[in-house]
Amino acid sequence: MGKTIYLKFILAYVIFGLLSFTTIATLTSSLTLRHLTNAKADALYREATLVSRNYASSFYTNNMSTESVQNQLKAIDTYVSAPIWIIDSSGEVLFNSRKDMDPEAPLFIEDFDPAITRNYYITGNFFGKFDKEMLSVFSPINSGFNIKGYVIIHTSMEEILTSRDKILNISYITLFIIFILSLIILVVFTDTVFLPIKKITVATEEFAAGNMEYPLDIHKDDEIGYLAASLTYMATEIARTEDNQKKFIANVSHDFRSPLTSIKGYLEAMLDGTIPPELNEKYLKILLNETDRLNKLTSSLLALNNLNIKGMVLDKIDFDIHSVIKHTAETFEGTCTAKRISIELILTGDTLYVFADMGQIQQVLYNLLDNAIKFSPDNSSIIIETTEKNDKIFISVKDSGIGIPKDDLKLIWDRFYKSDSSRGKDKKGTGLGLSITKEIIQAHNENINVISTEGVGSEFLFTLPKSKKNGT
């Protein structure tokens, strides 16, 4: 498409030049000739009017002799460089500034029509009296309220045509200069618009073919540069997304394959007698644990998929965060009893209302408590604390477990990520809990952070918007 646009632009440029040349050769030429002819005719008309009023009319009133009129016409002819005629209404030439008329052989203008004098000038050979094109200007001779004749001044059109051609030559030179300047614009357009667009087109084709590493080398501080930078960023993000998808599929495959392989192996061993019947109950419990792990993994994947597809549509309401914390803690009562872990609640006030999605926040607390219990040693305690500051509510979940290595702190929010130190304890973990937790908090436009020391414990702290209900 870029080549087509460029060819159209070149074609438009050529057509513009041709039309400009044609316009000057036709319309401009015609208008210039008309303007010069009118200007020349006006000048000659003033001279003809002067002759008709001062000399020709005096001839008809017998105030000037024929010889005096002829001499005056010759003098004016010398001044205007044009022959001057005086004719009567019938078309007889009475005087010619460049030729003495013979009364015995009068000269008549055949087919002379006084009506042509209405336009005060005509062009042509003047009824065949000249062998080239002339401009003939008329001025009537009035005597006693009657038109006795006409003063006619003739001049060759060659001078006018020459003047027109000089003006047209100037116009052609000006057009040529404009054409060259516009050619510079075309060159600049090619360098600043066409070539970058061509590069962008090639790059988009490469991106569409899957080559997200294709270099788009355009460095401009304009809209095209911004477009190129946006496309490069888009390709980088698509490549990163594809890489994440590959890792996602690999992690899902790994996490599904491990329990499935275990289940398959135990079932085959039970069927072929490798595992004696008296041990079936023991291995069935193992199989049940593996199926629980698969079920938890599937539920986490469905939850994560819903978050991505629905774009985290939140149902925000005012609710008591203390009540949700207490109910969530109660769900771990059995697990905590088995490990002799206590959950200590340090809550600000009897009630503390927040404005958020209660179901999603309950999921956040569940994930954080589940992790805290999972990585806490027996006979330890977990502290859940709430504090209020300005328009924010801070919720903290703190354990005294194995902690998170410093190098892993930035990675724990990634999907399926498990640190090396946690793999031995996290038998049923999916690596999705913290990823889901962060996406829920971010959907609320809030923040979640972690402070952890390896061998000492971890503290997860997140914020929620304070409800206006607290002030009532």
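Before reading on, note that the structure itself is shown above.
Just so it is clear, the structure is predicted and the values come from calculations on it, not from any experiment.

Asker: Can you help me understand the sheet that holds strand β13 (residues 457-465) in this one?
Answerer: Two modes of strand pairing occur in sheets, parallel and antiparallel, and in both the strands are linked by backbone hydrogen bonds. Read across the open sheet, the five strands follow the order β8-β10-β11-β13-β12; overall the sheet is mixed. Looking at which strands have only one partner, the edges of the open sheet turn out to be β8 (342-346) and β12 (448-453). If you compare each strand with its neighbour and ignore which way they point, the axes differ by 15° on average.

Asker: What am I meant to see in the packing of aromatic side chains here?
Answerer: Where two aromatic rings form a pair, the distance of their centres and the angle of their planes describe that pair. Applying the stated rule across the entire model yields 13 aromatic pairs. For the ring pair W85 and F126, a centre distance of 5.8 Å and an interplane angle of 80° mean the geometry is edge-to-face. One end of the pair, W85, is in strand β1 (residues 84-88); the other, F126, is in the loop between β4 (121-124) and β5 (134-143), and 41 residues separate them in sequence. Per residue, the accessibility class of W85 equals that of F126, and both read buried. Taken together, a centroid distance of 6.1 Å and an interplanar angle of 40° make the contact between F126 and F138 tilted. Placement of the pair is F126 in the loop between β4 and β5 and F138 in strand β5, with a sequence separation of 12 residues. F138 carries the same exposure label as F126, and that label is buried.

Asker: Any chance you could explain the packing of helix α6 (residues 321-330) against helix α8 (residues 358-374) here in plain terms?
Answerer: Packed helices, taken two at a time, are described by the angle their axes make and the gap between the axes. Closest axis-to-axis distance for the α6/α8 pair is 10 Å, and the angle between their directions is 45°. What the angle tells us is that α6 and α8 run oblique. Considering how the two elements wind past one another, α6 and α8 form a crossing that is right-handed. Side by side, α6 and α8 meet where I321, V324, I325, T328 and A329 of the first sit next to M358, I361, Q362, L365, Y366 and L369 of the second. Here the residues of the contact of α6 with α8 are counted per class, giving nine nonpolar, two polar and no charged.

Asker: Just to check I follow, could you spell out the pattern of salt bridges for this structure?
Answerer: Across all of its chains, the model carries eight salt bridges by this definition. The partner of R98 in a salt bridge is D77, with the nearest N and O atoms 2.8 Å apart. Of the two residues, R98 sits in the loop between β2 (92-96) and β3 (107-108) while D77 sits in helix α2 (residues 66-80), which places them 21 residues apart along the sequence.

The rules behind the values
Residues numbered from 1 in each chain as written. Predicted model: local features only at pLDDT ≥ 70, side-chain atom pairs only at ≥ 80, totals over all residues. Heavy atoms only, no water. Pairing = 2+ DSSP bridges. Helix = DSSP H or I, 4+ residues; strand = E, 2+ residues; numbered from the N terminus. Axes fitted to C-alpha atoms, helices over the stretch in contact; angles between N-to-C directions. Phe/Tyr/Trp six-rings, centres within 6.5 Å; stacked < 30°, edge-to-face > 60°. Buried < 20%, exposed > 50% of the residue type's maximum accessible area, 1.4 Å probe, protein only. Parallel < 35°, antiparallel > 145°, perpendicular 65-115°, else oblique. Left-handed = near helix turned anticlockwise from the far one by under 90°. Contact = heavy atoms within 4.5 Å. Nonpolar A, V, L, I, M, F, W, Y, C, P; charged D, E, K, R; others polar. Salt bridge = Lys/Arg side-chain N within 4 Å of Asp/Glu carboxyl O.

The values reported here are purely geometric and, on their own, carry no functional implication.
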